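Each chain is listed here by its residues.
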Amino acid sequence: MIGYVTIGVSDMNKAKQFYSDLLGELGGKVLLDMERIAFIGDSMAKPMLAVCVPFNGEPNHPGNGNMVAIPAGSKAAVDKFYHKAIELGATCDGEPGQRIPDMFYGAYVRDPDGNKLAFFEFG
């Protein structure tokens, strides 16, 4: 249902490096780079994350309530992605933990541009 999600960034090189390093274990890499926008994923046929400098030339602003949720694959992987994101320059927006008993485990960070990410595992 989702082809790609686009988030605005202020520094394309920094954003491409951050997301390639963060999502590398999931096969994430820059698949298509057109200077102003780059698509990161493991296949053009699967959902991707795109980072871009806003088309209108105005500064990027993280959306209030917008979030990209990344399935980690396990609770241990949620913890690993959270700590890796922090190591790569993200800030904490909710440490890893069980949010809904026996249903949802998650962690939240803000990337270097302030975009909110969630790493999660159902169960």
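Just so you know, these numbers come straight off a predicted model, no measurement behind them.

## Topic: a nonpolar patch on the surface
- Together, Met1, Ile2 and Val5 make up an exposed nonpolar region whose accessible area comes to about 390 Å².
- Residue position: Met1 is located in the segment before strand E1 (4-8).

## As for the packing of helix H1 (residues 12-23) against helix H2 (residues 75-87)
- For the pair H1 and H2, the least separation of the axes is 10 Å and the interaxial angle reads 155 degrees. For the element pair H1 / H2, the angle class is roughly antiparallel. Crossing hand, H1 versus H2: right-handed. Here H1 contributes Phe18, Asp21 and Leu22 to the contact with H2, which in turn contributes Phe81, Lys84 and Ala85.
- Looking at side-chain class alone, the contact of H1 with H2 contains four nonpolar, no polar and two charged residues.

## Notes on the UniProt feature "domain: VOC" (unreviewed entry) in the chain
- Those residues carrying the UniProt feature "domain: VOC" (unreviewed entry) are residues 1-122 in this numbering.
- The span residues 1-122 is 20% helical and 39% strand by assignment, and the distance between its end C-alpha atoms comes to 19 Å.

## Overview of H1
- Along its twelve residues, H1 runs 16 Å from first to last C-alpha, staying within 8% of the 16 Å computed at 1.5 Å per residue.
- Among the residues of H1, Met12, Ala15, Lys16, Phe18, Tyr19, Ser20, Leu22 and Leu23 are the ones counted as buried.
- Capping of H1 at its N-terminal end is provided by Asp11; its side-chain oxygen lies 3.1 Å from the backbone amide nitrogen of Asn13.

## Quick look at the sheet that holds strand E2 (residues 29-33)
- The four strands are arranged E1-E4-E3-E2 in an open sheet whose pairing can be described as mixed. Unpaired on one side and paired on the other, E1 and E2 mark the two borders of the sheet. Sheet twist, expressed as the mean angle between neighbouring strand axes with direction ignored, is 30 degrees.
- The pairing of E2 with strand E3 (residues 37-41) spans four bridges and is classified as antiparallel. The residue bridging Leu32 from the neighbouring strand is Phe39, located in E3.
- This element, H1, spans E1, E2, E3 and strand E4 (48-52) of the sheet and lies at about 160 degrees to E4.

About the thresholds
Residue indices begin from 1 for each chain and proceed along its sequence in written order. A pLDDT threshold of at least 70 governs which residues receive local features in this predicted model, and a stricter bar of 80 or more applies before side-chain atom pairs are shown or counted, although totals over entire chains, interfaces and linings include all residues. Side-chain metrics rest on all non-hydrogen atoms present in the structure, leaving aside hydrogens and water. Only residues whose relative accessible area exceeds 30% and that take part in no salt bridge are eligible for patches, with like-charged residues grouped when within 9 Å of each other and nonpolar side chains (Val, Leu, Ile, Met, Phe, Trp, Tyr) grouped when within 5 Å. Methods summary: accessible areas were calculated by the Shrake-Rupley approach with a probe of 1.4 Å, and residue burial reflects only the protein chains presented. Any carboxyl oxygen of Asp or Glu that lies within 4 Å of a side-chain nitrogen of Lys or Arg is treated as forming a salt bridge with it. What counts as a helix is a DSSP run of H or I of at least four residues, what counts as a strand is a run of E of at least two, and both are numbered from the N terminus. Here an axis means a line fitted to C-alpha atoms, over the contact stretch when the element is a helix, while the angle between two N-to-C directions is reported on a 0 to 180 degree scale. With respect to orientation, any angle under 35 degrees is reported as roughly parallel, any angle over 145 as roughly antiparallel, any angle of 65 to 115 as roughly perpendicular, and every other angle as oblique. For any helix crossing, the convention is left-handed if the near helix is rotated counterclockwise from the far helix by under a right angle, and right-handed if that rotation is clockwise. By definition, residues are in contact when any of their heavy atoms lie within 4.5 Å. In this classification, Asp, Glu, Lys and Arg are treated as charged, Ala, Val, Leu, Ile, Met, Phe, Trp, Tyr, Cys and Pro as nonpolar, and every other residue, Gly included, as polar. UniProt positions are given in the numbering used here, feature names are shortened, and annotations may be inferred rather than shown by experiment. Helix span, as expected, comes to 1.5 Å for every residue beyond the first. Summary of the burial criterion: residues with accessible area below 20% of their type's maximum are buried, those above 50% are exposed, and those between are partly exposed, where the area comes from a 1.4 Å probe applied to protein chains only. The term polar contact refers here to a pair of N or O atoms within 3.5 Å; inside protein, the definition further demands a hydrogen-donor-capable atom paired with an acceptor-capable atom, and it admits residues adjacent in sequence only when both atoms are side-chain atoms. In this scheme, strands are said to pair when DSSP sees at least two bridges between them.

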